[in-house]
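Observations on chain architecture
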Amino acid sequence: MFELGVKVAFSLAQIGVVFGIVLLTVMFLTLAERKVIAWMQDRMGPMEVGPYGILQPIADGLKLFFKEDIVPAGANRFLFSLAPILALVPALIGFAVIPFGPNLTVELFGIQFKPFVISDVNIGILYILAFTSIGAYGIILGGWASNSKYSLLGGLRAAAQVISYELNVGLAIVGVLLLAGSLSLVKITEAQAGGFWHWYIFAFPFPQIFAFVVYVISAVAETNRVPFDLPEAESELVAGFFTEYSGMRFAFFFIAEYANMILVSCIAAALFLGGWNAPYPGTLIGHLGFPHFAWIEQVVWFAAKVYCFLFLFFWLRATLPRLRYDQLMRFGWKVMLPIALGNILVTSIAAYLFPKS
Amino acid sequence: MAMKFKAWLKTITFYEILVGMKATLKHLLHYRPITLQYPHEKRTLPDSYRGMLALLRYDDGTEKCVGCDLCEAACPSRVIRVISSEVPGEPTKRYAKEYYMDMTRCLFCGLCVDACPVDALGMTREYEWAVYDKRQLLLSKPQLLAIGDRSFPVREKRLELQHPNVAFFNVAFKFMPPKES
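The text that follows walks through the structure, step by step, so that each part is easy to find. (Residues numbered from 1 in each chain as written. Chains lettered and ligands numbered in written order. Predicted model: local features only at pLDDT ≥ 70, side-chain atom pairs only at ≥ 80, totals over all residues.)

1. What about the overall build of chain A?
Scanning chain A from N- to C-terminus turns up twelve helices and two strands. Start at the N end of chain A and walk to the C end: the helices and strands fall as α-α-α-β-β-α-α-α-α-α-α-α-α-α. Over its C-alpha atoms chain A spans a radius of gyration of 21 Å, differing by no more than 12% from the 21 Å that the globule rule assigns to 357 residues. Seen through its principal axes, chain A has C-alpha atoms that stretch 60 × 50 × 50 Å. Going through the 357 residues of chain A one by one, you find that 45% of them count as buried. For chain A, restricting intrachain contacts to residue pairs at least 6 apart in sequence, the fraction spanning at least 24 positions comes to 77%. (Helix = DSSP H or I, 4+ residues; strand = E, 2+ residues; numbered from the N terminus. Rg over C-alpha atoms; globule rule 2.2 N^0.38 Å. Buried ≥ 20, exposed ≤ 12 C-beta atoms within 10 Å, placed from the backbone. Contact = placed C-beta atoms within 7 Å.)

Here it is, written out as structure tokens:
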């Protein structure tokens, strides 16, 4: 009984910390995105709230919190309320299997814990793919329940786009899974230890660089970001599926979008860029003779990879215009899908010829 | 063939996208914003800036406006409404008993200022006229005179004391300045 209590308490503490870090990152991202895009476009971004506008996310959050909660006439109230939750929960729940740091075990009251991953599920990547698919339901239902043509069109577009690009994400990941021989994110990351030439983007039997490109493009499309932001194309559909949402419900959709961005960045870092592994063998702190503190460096490496990936999202948004809908579909099905399938074929042949020792 | 291969190579390496991303990154690294932090810093207005309209006075405080209605006729958006009447006790002189400007409609073309024969209208350099109630933009004569007073503190001399070649009318004959022959 005591053992169970300690386990539950530790897990809850872990969940709380991860939840807090993710939400703080979302807050930071809303500001960072506006600032980075502004700088890229010779503007200044938010400058009013606090010095250089650094308190803008807090002001935005307070404003959204106190906004009136409007349910449009003729909307399906139940689904209208359910949709933001359905979009947010899968986006946050995927972080349960992300390894943020090395696969250490800490002993507390005689019970072993892994401090840097909430739960090392042996089908981790499958779990994330399954839950991000549920996130699409939130968007579709939100668009349908709003009783507005813009929302419905945005929801339909989101449905078609997320489904077709999710396939590419899954197929791009398969190459890595073939090389690693595991679905657990912890095991996949551990297999990439020992220098950047072991990362799966450059790894020996067949570098997954094509899979990585397919994954990046499909991840951008799956999170509905520019240049694939057709579900919320403001010049065509006002705001797409969340046109009718206001206040905290809108904030839920917003947080879900940014949490999804962080999630796909974490997956990219873990699968292709070596996760917590430094680009050189071992860790600097470990080489200096403090192996107990090596986890600091490894967590920093993981965070750096994730933030580089997030910066890529901003960079793409500042640069590219939106695709047309048929271009988006053609690109997904006729370009990305064959590349991903070809990559699987070549990778499986390479993995067969050079089996893991 | 070589051209085709080159184009194909550009397509598969996302060459155009990379060029665009290089451009945005260059702007990020050489960050030189063109933003003007508006309420804190304001741009210098050009000399011929056409801002808020105002009614003007002579140096002794009398209104310049003679109630001729020409501004009302010149206005393309029917902003101005003049109710003209005789100056009490001076049957030869007229003035604007009431003068309204509906600034919600004004497009700041300056035609009324051009039309005014006695330079009674002026365009100030005020532009921060956002209000919460648009009825506050229906300006009456005292308001317009107040705008003129604060924007043009240096006033012109009375017409009869000015240079005689300046156009004038509506001056009582007893005050008519002697014309140099």
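2. A short note on the overall build of chain B
Scanning chain B from terminus to terminus reveals five helices and five strands. The burial tally for chain B puts 17% of its 181 residues in the buried class. Pairs at least 24 residues apart make up 69% of the contacts formed inside chain B by residues separated by at least 6 positions.

3. What to know about the interface of chain B and chain A
Taken together, the contact pairs twelve residues of chain B with eleven residues of chain A. Partitioned by chemical class, the residues of the side of chain B that touches chain A number six nonpolar, five polar and one charged. (Nonpolar A, V, L, I, M, F, W, Y, C, P; charged D, E, K, R; others polar.)

4. Details of the sheet that holds strand β3 (residues 90–102) of chain B
Residue and element names in this part refer to chain B. Read across the sheet, three strands follow the order β2-β3-β5 without closing on themselves; strand pairing throughout is antiparallel. Every other strand in the sheet has two partners, leaving β2 (80–87) and β5 (138–139) as the edge strands with one partner each. Inspection of the sheet shows β3 paired to β5 by two bridges, in the antiparallel sense. What sits directly across from D102, in β5, is L138. On top of the sheet, helix α5 (residues 141–151) reaches β3 and β5; it is set at about 90 degrees to β3, its chief contact. (Pairing = 2+ DSSP bridges. Axes fitted to C-alpha atoms, helices over the stretch in contact; angles between N-to-C directions.)

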